[in-house]
Amino acid sequence: YVPWKSYAPKAKGSASGLTAIVDRVEFFDHRVRVYCTLRDLGDVAVQVLPLLHSRLTLGGKTVGALDTADFPLNDEQLFEGARIYPLHQLVGYINFPLTSRVDADVRATLVIGPIVPDGASKPLAVTIGPFVLRTW
């Protein structure tokens with residue numbers, strides 16, 4: 001499949017030493033694929049389980065991540081959960097259902113979670129945005 005539009009926003013967000021960068025956002029007929037780089041810049045390792053509670057808000061509509069075991073629709077490493085050690089990174093993608101196919105400027109916010117640093121008392125989430133995806 002080929003996306004009908006694609007963006008490279010390079011938007012960033014951080015929480016507890018983990019930095020998340022949205023490298024690319026691709027729109028397909030019924031889904032949106034978001035490529036992310038997750039960097040652990042903290043002092044402890046983190047466990048990332050992004051298909052459990054990640055959310056994408058596009059134009060005011062919020063949807064949860066597609067969490068099915070359909071490969072290559074979902075990134076296998078992120079489906080299983082990934083452990084990222086200090087000063088290491090992981091690149092992967094998360095798919096979300098597409099609620100409407102409108103070719104216009106849109107504000108987006110991505111929340112990736114849960115993220116569990118070693119020794120943490122509760123899980124965290126990283127929020128990236130809001131950032132604007134502009135049509136030119």
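To start, this report covers the structure provided alongside it.

Remarks on the overall build of the protein chain
Then, number 1: A tally of helices and strands in the protein chain yields two helices and 11 strands.
Then, number 2: When its helices and strands are written in sequence order, the protein chain yields β-β-β-β-β-α-β-β-α-β-β-β-β.
Then, number 3: For the protein chain, the C-alpha radius of gyration of 14 Å lies close to 14 Å, the compact-globule estimate for 136 residues.
Then, number 4: Principal-axis analysis of the C-alpha atoms places the extent of the protein chain at approximately 45 × 30 × 20 Å.
Then, number 5: Burial analysis of the protein chain (136 residues in total) assigns 44% to the buried set.
Then, number 6: Split by element, the accessible area of the protein chain, about 7300 Å² in all, is 52% carbon and sulfur.
Then, number 7: The distance from the centre of the 14 positive side-chain charges to the centre of the 13 negative ones in the protein chain is 8 Å.

Brief notes about unusual backbone geometry
Then, number 1: Residue Gly-113 is joined to Pro-114 through a cis peptide bond whose omega torsion reads 0 degrees.
Then, number 2: By the element assignment, Pro-114 lies in strand β10 (residues 106-117).
Then, number 3: Phi is positive for Lys-10, which is not a glycine, with a value near 55 degrees.
Then, number 4: By secondary structure assignment, the location of Lys-10 is in the loop between β1 (5-7) and β2 (11-15).
Then, number 5: Notably, Ser-16 is not glycine yet its phi reads approximately 50 degrees, a positive angle.
Then, number 6: Structurally, Ser-16 is set in the loop between β2 and β3 (18-27).
Then, number 7: Look at Ser-16 and you get exposed, because its relative accessible area is 51%.

Topic: the environment of Ala-11
Then, number 1: Checked against the element boundaries, Ala-11 lands in strand β2.
Then, number 2: In sequence terms Ala-11 and Pro-130 are 119 residues apart; their C-alpha atoms lie 8.6 Å from each other.
Then, number 3: What Ala-11 contacts, discounting residues up to four positions off in sequence, is Ala-20, Ile-21, Val-22, Ile-128 and Phe-131.

Regarding the pattern of salt bridges
Then, number 1: Within the structure shown, the criterion is met by five salt bridges.
Then, number 2: Residue Asp-29 is joined to Arg-101 by a salt bridge in which the shortest nitrogen-to-oxygen separation is 2.6 Å. Highlighted residues: Asp-29 in the loop between β3 and β4 (31-40) and Arg-101 in the loop between β9 (88-97) and β10, separated in sequence by 72 residues.
Then, number 3: Taking the relative accessible area as the measure of exposure, Asp-29 reaches 48% and is therefore partly exposed.
Then, number 4: Arg-101 gets classed as partly exposed once you look at its relative accessible area, which sits at 49%.

Cut-off values and rules
Residues numbered from 1 in each chain as written. Predicted model: local features only at pLDDT ≥ 70, side-chain atom pairs only at ≥ 80, totals over all residues. Heavy atoms only, no water. Helix = DSSP H or I, 4+ residues; strand = E, 2+ residues; numbered from the N terminus. Rg over C-alpha atoms; globule rule 2.2 N^0.38 Å. Buried < 20%, exposed > 50% of the residue type's maximum accessible area, 1.4 Å probe, protein only. Areas by Shrake-Rupley, 256 points an atom, 1.4 Å probe, with all protein chains shown as cover. Lys, Arg positive; Asp, Glu negative; His and termini not counted. Charge placed at Lys NZ, Arg CZ, Asp CG, Glu CD. Contact = heavy atoms within 4.5 Å. Salt bridge = Lys/Arg side-chain N within 4 Å of Asp/Glu carboxyl O.

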